[in-house]
Amino acid sequence: MATIIDGKTVAAGIREQVADEVARFVSERGSPPGLATVLVGDDPASHIYVAGKHRACGEVGIASIGRELPVDTSEEELLAVVSELNADPSVSGIIVQLPLPGHLDAARATSAVDPAKDVDGLTPTNAGLLVQGRDGLVPATPSGVMELLRAYDTPLEGAHAVVVGRSDLVGKPVASLLLAQHATVTVCHSRTRDLAAVCRSADVLVAAVGRPRLVTGDMVREGATVIDVGMNRTADGLVGDVDFEPAAERARAITPVPGGVGPMTIAMLLRNTLKAARAAGVEQPSAGPGPVWSG
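Residues numbered from 1 in each chain as written. Predicted model: local features only at pLDDT ≥ 70, side-chain atom pairs only at ≥ 80, totals over all residues. Heavy atoms only, no water.

## Examining the overall build of the protein chain
Rules: Helix and strand labels come from DSSP, where a helix needs a run of H or I of at least four residues and a strand needs a run of E of at least two; each type is numbered from the N terminus. Atoms considered for the radius of gyration are the C-alpha atoms alone. The globule rule reads 2.2 Å times the number of residues to the power 0.38. For each residue, the accessible area found with a 1.4 Å probe, counting protein chains only, is set against the maximum for its type, and the residue is called buried under 20%, exposed over 50%, and partly exposed in between. Whether two residues touch is decided by their heavy atoms; if any such pair falls within 4.5 Å, the residues are in contact. Residues counted as positive are Lys and Arg, residues counted as negative are Asp and Glu, and His and the chain ends are not counted. Positions of charges follow a simple convention, taking NZ of Lys, CZ of Arg, CG of Asp or CD of Glu.
Summing up its helical and strand segments, the protein chain has 10 helices and 11 strands in all. Against the globule reference of 19 Å for 295 residues, the protein chain gives a C-alpha radius of gyration of 19 Å, in line with a compact fold. By principal-axis analysis of the C-alpha atoms, the protein chain measures approximately 50 × 40 × 35 Å. Across the 295 residues in the protein chain, those meeting the buried criterion constitute 50%. For the protein chain, long-range pairs separated by at least 24 residues make up 70% of all intrachain contacts whose partners lie at least 6 apart in sequence. Both charge centroids of the protein chain, one from 25 positive and one from 35 negative side chains, sit 4 Å from each other.

## Let's talk about unusual backbone geometry
The step from leucine 98 to proline 99 runs through a cis peptide bond, and the omega angle for that step is 5°. In this structure, proline 99 sits in the loop between strand 4 (93–96) and helix 4 (106–111). With an omega of 0°, the peptide bond between valine 257 and proline 258 qualifies as cis. Turning to its location among the elements, proline 258 is positioned in the loop between strand 11 (253–254) and helix 10 (262–279). Phi at aspartate 153 takes a positive value of approximately 50°, unusual for a residue other than glycine. Examined against the element boundaries, aspartate 153 turns out to sit in the loop between helix 6 (140–151) and strand 5 (160–164).

## Quick notes on the sheet that holds strand 11
Strand pairs in the sheet, formed through backbone hydrogen bonds, run parallel or antiparallel to each other. Spelled out, the test is: Between any two strands, pairing holds if DSSP finds at least two bridges. A fitted line through C-alpha atoms represents every axis, and for helices the fit uses only the stretch in contact; the resulting angles, taken between N-to-C directions, go from 0 to 180 degrees.
Strand order in this open sheet of six strands is 1-11-8-7-5-6, and the pairing throughout is parallel. The open sheet has two edge strands, strand 1 (3–4) and strand 6 (184–188), and neither has a second partner. Direction of pairing for strand 7 (residues 204–207) relative to strand 8 (residues 225–228): parallel, over a ladder of four bridges. Bridge pairing in strand 8 links leucine 205 to valine 226. Contacting strand 5, strand 6 and strand 7, helix 7 (residues 171–180) runs over the sheet at an angle of about 170° to strand 5.

## Concerning the packing of helix 1 (residues 7–29) against helix 2 (residues 44–60)
Each pair of packed helices gets described by two things: the angle between the helix axes and the distance between those axes. Quick reminder of the rule: Oblique is the label for every angle not falling under 35 degrees (roughly parallel), over 145 degrees (roughly antiparallel), or within 65 to 115 degrees (roughly perpendicular).
Between helix 1 and helix 2, the least distance of the axes is 8 Å, while the angle of their chain directions is 60°. By the angle between their axes, helix 1 is oblique relative to helix 2. The residues of helix 2 that touch helix 1, namely those facing Arg15, Val18, Ala19 and Val22, are Ala56, Glu59 and Val60.

Written as structure tokens, this is what we have:
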């Protein structure tokens, strides 16, 4: 039976570390890092996610600024708000909460964020830095995946890593981060031939496609480490992209849903906000040990 990867415990450690570093930052700079969120419309899930981010900021001493805009906000109005936050020195990081209402261009909105404040790591600048293996702001969920792999002593150098999903938010960044750790990486998607066979070849399997239980137990290699990024609401409750019980019979280690990758996302977002705040002033050590991919 696999070791269950406890994302809650790993995330709590990171948040405690960030809180200590924020206190030091305030003593040196006189004011805390600030995280601004831009929320358009009344999507209930988005409101819950944003509230969770603000609550987490308060717990570690980061100031939070919420900008809530009506559902009929125009693209020009949204971009004006982003521009205002870009120019605000009290704002270290900016998040444009996705999804946006259908009449708004999400790519244009996220690209308008100053790359130095892009704590979601979605601007072309930060995406390009990641692909080139250079320091930048890395998306929080992929950073969290890498932290979990490190926390559970997962060998990556020379390992075959399979990423199921090629989204800009998770799949592509995770692939780049794994490559940076010298893994051999295969990225699968809806047109991959014989997905099951490819998955069975993986030493490390990352599922991030948003389809409940897509990865069945017989698709998991004996002794593989399985990271399930999926969060799917079904009649059975919240489930991942991996069929957990049969996969756990074969894996070396596996993340549960919930309680695996989910808690890591906000923890890494807090770390990114602190990193952005530090980069805006005098160079200081980053929060926590680790290479560039740690965020």
